[in-house]
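Read off the chains here:
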Amino acid sequence: MDKCCLECGEKLIGRVDKKFCSDQCRNTYNNRLNQDSSNMTRNINRILKKNRRILESLNRSGKTRVTRQKLIDEGFNFDYLTNMFTTKAGHTYYFCYDQGYIQNDKDFFTIVKRQDYVN
Ligand SMILES: [Zn+2]
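All of these numbers come straight from a predicted model, not from anything done at the bench.

S.K.: Explain the overall build of the chain to me, please; I cannot follow it from the model alone.
M.R.: On a plain count of helices and strands, the chain comes out with two helices and five strands. Each helix and strand of the chain, placed in order from N terminus to C terminus, yields the pattern α-β-α-β-β-β-β. Taking 2.2 N^0.38 as the reference for a compact globule, 119 residues should give roughly 14 Å; the C-alpha atoms of the chain span a radius of gyration of 23 Å, well beyond that estimate. Its C-alpha atoms put the chain at 65 × 30 × 25 Å along the principal axes. A burial count over the chain gives 24% of its 119 residues as buried. For the chain, the proportion of contacts with a sequence separation of at least 24, taken over those separated by at least 6, is 41%. Entry remark: accessible area of the chain is about 8400 Å², with carbon and sulfur atoms responsible for 49%. Here the chain holds 22 positive side-chain charges and 14 negative ones, and the gap between their average locations is 4 Å.

S.K.: Sorry, what's going on with the pattern of salt bridges here?
M.R.: Going through the model one piece at a time under the given rule, you end up with six salt bridges. Between Glu 7 and Arg 32 there is a salt bridge, with its nearest N and O atoms 3.2 Å apart. Taken together, the positions of Glu 7 in the segment before helix 1 (23-58) and Arg 32 in helix 1 put the pair 25 residues apart, joining distant regions of the chain. Given the relative accessible area of 40%, Arg 32 is considered partly exposed. Arg 52 is paired through a salt bridge with Glu 56; the nearest N and O atoms lie 3.1 Å apart.

S.K.: I would appreciate a short explanation of the coordination of the zinc ion in the present structure.
M.R.: Put simply, the ideal angle at a metal is 109.5 degrees for four donors in tetrahedral geometry and 90 or 180 degrees for six donors in octahedral geometry. Taken together, the protein donors to the zinc ion comprise Cys 5 (SG), Cys 8 (SG), Cys 21 (SG) and Cys 25 (SG), at separations of 2.3 Å. For the zinc ion, the four donor atoms in the first shell make angles of 105 to 116° at the metal, a pattern classed as tetrahedral. The motif formed by the donor residues of the zinc ion, counted along the single chain, is C-x2-C-x12-C-x3-C.

S.K.: Sorry if this is basic, but what is going on with the sheet that holds strand 1 (residues 63-67) here?
M.R.: Two orientations exist for strands paired in a sheet by backbone hydrogen bonds: parallel and antiparallel. Here we have five strands laid out as an open sheet, ordered 1-5-4-3-2, and antiparallel in their pairing. The open sheet has two edge strands with one neighbour each: strand 1 and strand 2 (83-86). Direction aside, the axes of adjacent strands within the sheet are offset by 30° on average. When strand 1 meets strand 5 (residues 108-113), the two strands line up antiparallel, connected through five bridges. Residue pairing in the sheet places Thr 64 in a bridge with Ile 111 of strand 5. Running at roughly 75° to strand 4 (residues 99-103), helix 1 makes contact with strand 1, strand 3 (92-96), strand 4 and strand 5 of the sheet.

How each quantity is defined
- Residues numbered from 1 in each chain as written.
- Predicted model: local features only at pLDDT ≥ 70, side-chain atom pairs only at ≥ 80, totals over all residues.
- Heavy atoms only, no water.
- Helix = DSSP H or I, 4+ residues; strand = E, 2+ residues; numbered from the N terminus.
- Rg over C-alpha atoms; globule rule 2.2 N^0.38 Å.
- Buried < 20%, exposed > 50% of the residue type's maximum accessible area, 1.4 Å probe, protein only.
- Contact = heavy atoms within 4.5 Å.
- Areas by Shrake-Rupley, 256 points an atom, 1.4 Å probe, with all protein chains shown as cover.
- Lys, Arg positive; Asp, Glu negative; His and termini not counted.
- Charge placed at Lys NZ, Arg CZ, Asp CG, Glu CD.
- Salt bridge = Lys/Arg side-chain N within 4 Å of Asp/Glu carboxyl O.
- Donors = N, O, S within 2.8 Å, 3.2 Å for Na, K, Ca; no water.
- Tetrahedral: all angles 85-135°; square planar, octahedral: opposite > 155°, others 65-115°.
- Pairing = 2+ DSSP bridges.
- Axes fitted to C-alpha atoms, helices over the stretch in contact; angles between N-to-C directions.

Have a look at this one:
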C-alpha cells in the first residue's frame, strides 16, 4: 500500500520512514499538534482554577462542611486536582493548589486550606 503525507494526503515517494511530502507539511502538522496540546493544557488549567475558586469561595472560615450537591451546583469538577495528601491516620485530602477537601461520607465534604495541616 502506498504511504501518504500525514498532512496533505499526497502519495509519498522515497524513504520508507517518510511521513510528509515536504518540510512545509511537516511544520503545519507539528504546529497543529502543539496547538492542540496547548489548548488542552489551557482547558485543564481553567478547570483547576475554577475548582480552586469554588473551594475558596465556599470556605471563608478556613474549614467548612459542604454537601456534594453544593459543589456540583457551583460547577466543581471532581476529576481534576493538583495533588493528594494522606494523613498518618489514612485520611486522604485532595487539593486544587492550596484549597483542598476531604470526603466525610457519601454526601458531605470538608473543605480545608493547605496550611491547616501541611507545613
Ligand atoms: Zn504533504
